[in-house]
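Remarks on the overall topology
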Amino acid sequence: MSTRADFSDGGRKGSRATRDAFRALVAAGLWLWAGAALAAPAGAPLTIHYLERRIERPTPLNNEPRVPEDEGLRGAELGLRDGNATGRFVGLTFALKPTVVAPGADLLAALAALVRENGGPPRFLVVNAPADDLLAVADAPEAREAVLLNVGAPDTRLRDRDCRARLLHVSPSRDMLTDALVQLLVHKRWGRLLLVSGPGPDDALYAEALRRSARKFGARILAEATFDARGADLRDSALKEFVLLTRGPDHDAVAVADERGEFGGNLVYNTAAPRPVVGTHGLTPAAWGRPVEAWAAVQLQGRFAKLAGRPMGPVDWAGWMAVHAVTEAATQLTSSDPAAIRDRLLSKKFEVGGFKGRALSFRPWNGQLRQPVFVLWPGAVVAAAPVEGFLHRRTELDTLGLDEPESACRAFGGHG
Amino acid sequence: MIVFRILLGATLLMPLRAEAREIYVSNERDNTVSVIDAATWEVARTFPVGRRPRGLTFSRDGKRLFVCASDSDAVQVIDPDTGKLLHDLPSGEDPEQFALAPDGKTLFIANENNATTTVVDADSRKVLAQVDVGIEPEGMAVSPDGTLAVTTSETTNMVHWIDTATLQAVDATLVGQRPRHAEFTRDGRRLWVSSEIGGTVAVIDVASRRIVETIGFEIRGISSDRIQPVGIALSEDGRTAFVALGPSDRVAAVDTETFKVKAYILVGRRVWHVAVLPGGERLVTTNGVSGDVTVIDAASLKAIRSIKVGRYPWGAAVRPTEMARGVDGRSAGAAE
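Note that the structure is predicted; figures quoted are calculated from it, not measured.

Considering the overall build of chain B
Helices and strands together make up the secondary structure of chain B, namely one helix and 28 strands. Expressed as a percentage of its 336 residues, the buried residues of chain B come to 62%. Across chain B, every contact between residues at least 6 apart in sequence was considered, and the portion connecting residues at least 24 apart equals 41%. Here chain B has roughly 12300 Å² of accessible surface; of this, 48% comes from carbon and sulfur atoms.

Here we look at the packing of helix 6 (residues 174-187) of chain A against helix 7 (residues 201-217) of chain A
Residues and elements named next belong to chain A. Contact pair helix 6 / helix 7: the axes reach a minimum separation of 8 Å and the direction vectors enclose 45°. Between helix 6 and helix 7, the interaxial angle falls into the category oblique. Both helix 6 and helix 7 take part in a crossing whose hand is right-handed. Taking contact as the criterion, the partners of Arg-174, Asp-175, Thr-178, Asp-179, Leu-181, Val-182, Gln-183 and Val-186 in helix 6 are, on helix 7, Asp-202, Leu-205, Tyr-206, Ala-209, Leu-210, Arg-212, Ser-213, Ala-214, Lys-216 and Phe-217. Residues that form the contact of helix 6 with helix 7 fall into these classes: nine nonpolar, three polar and six charged.

Brief notes about the interface of chain B and chain A
Across the boundary between the two partners, chain B contributes 26 residues, which contact 27 residues of chain A. Both faces considered, chain B and chain A share a buried interface measuring about 2000 Å² in area, 51% of it formed by carbon and sulfur atoms. Taken together, chain B and chain A are joined by two salt bridges. Linking chain B with chain A are 11 residue pairs in polar contact (both at pLDDT 80 or more). Where the side of chain B that touches chain A is concerned, the elements lending two or more residues are strand 14 (158-163) and strand 15 (168-174) of chain B. Broken down by class, the residue content of the side of chain B that touches chain A amounts to seven nonpolar, 10 polar and nine charged.

Looking at the pattern of salt bridges
Overall, the coordinates contain 55 salt bridges over all chains when judged by the stated rule. Between A:Asp250 and A:Arg275 there is a salt bridge; the shortest N-O distance is 3.8 Å. Here A:Asp250 is found in the loop between helix 8 (234-245) and strand 8 (253-257), whereas its partner A:Arg275 is found in the loop between helix 9 (264-267) and strand 9 (277-279), with 25 residues between them in sequence. Judged by relative accessible area, A:Arg275 falls into the partly exposed class, the value being 30%. One salt bridge connects B:Glu22 with B:Arg45, and the closest N-O pair in it is separated by 3.3 Å. Highlighted residues: B:Glu22 in strand 1 (residues 22-27) and B:Arg45 in strand 3 (residues 42-48), separated in sequence by 23 residues. Taken individually, B:Glu22 and B:Arg45 each receive the classification buried, so the pair is uniform in this respect.

Quick word on the state of the cysteines
In protein structure, a disulfide is the covalent linkage between the sulfur atoms of two cysteines. Residue and element names in this part refer to chain A. Within this structure, the stated rule accounts for one disulfide over all chains. The disulfide bridge from Cys-163 ends at Cys-409, spanning 2.0 Å between sulfur atoms. When the S-S torsion is 90°, as for the bridge of Cys-163 with Cys-409, the disulfide is right-handed. Linking Cys-163 in the loop between strand 4 (147-150) and strand 5 (167-169) with Cys-409 in the segment after strand 12 (380-385), this pair joins segments that are 246 residues apart in sequence. In this pair, the class of Cys-163 matches that of Cys-409, namely buried.

Some details on the sheet that holds strand 9 (residues 106-111) of chain B
Residue and element names in this part refer to chain B. Across the sheet, which stays open at both edges, the four strands sit in the order 8-9-10-11 with antiparallel pairing between neighbours. The open sheet has two free edges, formed respectively by strand 8 (95-100) and strand 11 (126-132), since each of these has just one partner strand. Put simply, the sheet's adjacent strands are angled 25° from each other on average, direction ignored. The pairing of strand 10 (residues 116-121) with strand 11 spans six bridges and is classified as antiparallel. If you follow Thr-116 over to strand 11, its bridge partner there is Asp-132.

Observations concerning empty space enclosed by the protein
Evaluated as defined, the whole model comprises four cavities of 30 Å³ or more. Roughly 50 Å³ of internal volume is contained in the largest cavity. In terms of lining residues, the largest cavity is bounded by A:Asp82, A:Gly83, A:Thr86, A:His324, A:Thr327, A:Glu328, A:Thr331 and B:Thr155. The set of elements that each furnish at least two residues to the lining of the largest cavity consists of helix 3 (73-87) and helix 11 (314-333) of chain A. Per-element accounting of the lining of the largest cavity gives the leading share, four residues, to helix 11 of chain A. When its residues are assigned to classes, the lining of the largest cavity shows no nonpolar, six polar and two charged.

Examining the pairing of strand 13 (residues 148-153) of chain B
Residue and element names in this part refer to chain B. The buried count for strand 13 comes to six of six residues, which makes it a mostly enclosed element. Judged by which residues are buried, strand 13 turns out to be covered on both faces: Leu-148, Val-150 and Thr-152 on one side and Ala-149, Thr-151 and Ser-153 on the other are all buried. Here strand 12 (residues 137-142) runs beside strand 13; their pairing, made up of four bridges, is antiparallel. What sits directly across from Pro-137, in strand 13, is Ser-153. Connecting strand 12 to the antiparallel partner strand 13 that follows it, the hairpin turn spans five residues, and Gly-146 within it adopts a positive phi of roughly 80°. Relative to strand 14, strand 13 is paired through six bridges, and the arrangement is antiparallel. Bridging from a neighbouring strand, Thr-152 pairs with Val-159 of strand 14.

Thoughts on the pairing of strand 2 (residues 32-37) of chain B
Residues and elements named next belong to chain B. Of all six residues in strand 2, six are buried; the element is thus mostly enclosed. Sheet topology note: the strand 1/strand 2 ladder contains six bridges and is antiparallel. Within strand 2, the residue paired with Tyr-24 across the bridge is Val-35. In this antiparallel pair of consecutive strands, strand 1 and strand 2, the connection spans four residues, and Asn-31 shows a positive phi of 55°. In terms of strand pairing, strand 2 meets strand 3 through six bridges, oriented antiparallel. Bridge pairing in strand 3 places Ile-36 opposite Val-43. Here strand 2 folds back onto strand 3, and the loop between the two strands holds four residues, one of which, Trp-41, carries a positive phi near 55°.

Considerations on the packing of helix 11 of chain A against helix 12 (residues 338-346) of chain A
Residues and elements named next belong to chain A. At their nearest, the axes of helix 11 and helix 12 sit 9 Å apart, and the two run at 105° to each other. Considering the angle they form, helix 11 stands roughly perpendicular to helix 12. Packed against helix 11, whose contacting residues are Ala-325, Val-326, Ala-329, Ala-330, Gln-332 and Leu-333, the element helix 12 presents Ala-340, Ile-341, Arg-344 and Leu-345 at the interface. Within the contact of helix 11 with helix 12, the residues separate by chemical class into eight nonpolar, one polar and one charged.

Reading guide: rules and limits
- Residues numbered from 1 in each chain as written.
- Chains lettered and ligands numbered in written order.
- Predicted model: local features only at pLDDT ≥ 70, side-chain atom pairs only at ≥ 80, totals over all residues.
- Heavy atoms only, no water.
- Helix = DSSP H or I, 4+ residues; strand = E, 2+ residues; numbered from the N terminus.
- Buried < 20%, exposed > 50% of the residue type's maximum accessible area, 1.4 Å probe, protein only.
- Contact = heavy atoms within 4.5 Å.
- Areas by Shrake-Rupley, 256 points an atom, 1.4 Å probe, with all protein chains shown as cover.
- Axes fitted to C-alpha atoms, helices over the stretch in contact; angles between N-to-C directions.
- Parallel < 35°, antiparallel > 145°, perpendicular 65-115°, else oblique.
- Left-handed = near helix turned anticlockwise from the far one by under 90°.
- Nonpolar A, V, L, I, M, F, W, Y, C, P; charged D, E, K, R; others polar.
- Buried area = accessible area lost by both parts, 1.4 Å probe.
- Salt bridge = Lys/Arg side-chain N within 4 Å of Asp/Glu carboxyl O.
- Polar contact = N/O pair within 3.5 Å; in protein donor to acceptor, adjacent residues only side chain to side chain.
- Disulfide = S-S within 2.5 Å.
- Pairing = 2+ DSSP bridges.
- 1 Å grid on protein atoms, 1.4 Å probe; cavity = no way out; pocket = protein on both sides within 12 Å on 5 of 7 lines; lining within 4 Å.
- Points joined across faces, edges and corners; volume = space filled by probe spheres on them.

The following block contains the structure:
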């Protein structure tokens, strides 16, 4: 049974929470709604926590802009703003409490501090952190009552054997991304690939996702090479080195797996044959990007740019989407009862828009948000996957990522 | 009016009912309006308007054309005979759709970018009020008796009810995801609302503001994701609702008594809106991706021809003629 303080905006039980609640009540001009007394006093905001572990990133090549420090959080802030603009019509208010820790800092200690300050365990926790951190948070006793919404970790294993019952994934997984890319390549009959991978463990995961997608949709990886950019000055060597690297059997495209951006940008137009570069650079699959404009996306892009003063990135979109999903479920229920909202998010009835042209919902077998994935280059969106012709008996969206029979996840009590 | 009369003269040999009917279509990407002569079904002329024109409608006498030029942040008032801009109306930011009240001068404008509905007196060109609504208001309609205006907010997923006497939002009704268009029945008792991403149409009882029926659509061979209801138009006899289903490239004809779909009519690609011609025998659709307008025969529920217009045709409005004036100014999905 939850207490009032769980949902108040930062105060412990007592006068501040009561005062906040009263103020919100007066502001909304509303009375108690049925069942709300069980969960929270009317008008008390439902608090969504945002927990982020910053990660170190190399200086970008070619004077490219850095990944913004507040990527993710700004999206969540817009989600909150949108949620409150909607919630006020049904007497709901929402709050967002960010906790951001430095690369080396103790994330679990930050979680414990958050619980102390919150006066109880969080109920909705948007997490922007690497996979191991995310699992540590999911398994921490402080998060035992929380629905976690993953916006930063694309690791397929989190949707597979390492899934958790209360862990939902708003960002697409790596295999959803590479499935989207390979669908487009196969559709265009560009299915013969050379693969160049960087040395990092995340590069290995991306390369493995590409191999799986190629098998799944009938593309072929004809040859593979690795490239370690450390110690090389690409400005001097790219013209020669990449030509040697990408000599191989007759192919349609060069796939690159370089998640940290250590050389991929320089591979474009530096291949031996006149072939496009696809993967982490060149033509890339992404949850969101600057050129996305269809399906009213331009509205969301505009609102975000106004708020953040910069374009919306894929993690921003996921942050927005995570908060939007929670506030939308609450609005559909006209309730801020966390248990009811959680059930709603996972129910078959739940559908939510995400400016991607289709209704989005969570897969009941692993908690992954079903969604179209854009295949784009910085200048334009080339396609939104699922690409025409890739069919699925349930929804074409389930052609992307782990389908029910393929996922080893059992935490949601599904098949198996 | 001279041009108009010449057109009349040229069509004397055509059946009387089709006489001198003009359909105005906004071409979102070309920043133009195409004028289709319904006697010959040809584009008679095309004139430039503001940027990204979407909704368009006529004054009751057919002498002024109102166009939402979304990216010009203006509602333009245009002389339909010459295509000349008469003046702009203050519209608020990013006007998307609008509806003209039965008084013929109060215009309710949905401002998509800033979550408001702007109410403008088209005669005095003054803003009467700005009403706070949900995020991305789009659909607009005014009840036939003029007492209620509604707007649908696409991200808030609600119908907002505005009392036209006080110009205050008085209630909100939750509907399916991404509501795009609202249409009152001619008796004013029901409101039909399309939900693009929800894939449904809600029929709402106006008195109680509750949904009485949710209509779903199913087309063999078309994935449900592609069935995205947008524009709605009701037949003159009130028995049929025509619902444009977006990227499924079809219009559903729905029986308004049983709420059953009578037919799915294949039209052009990405159909946005539907307008019924007076007399009720023909309707037209705007097809965004194929850049054309499909003409449907209401009796057989079949597409009978298509007319190439500009790029990304979005809204359509039938110009009221002197003969038909006062019969019904709302025909043309007028508020698209």
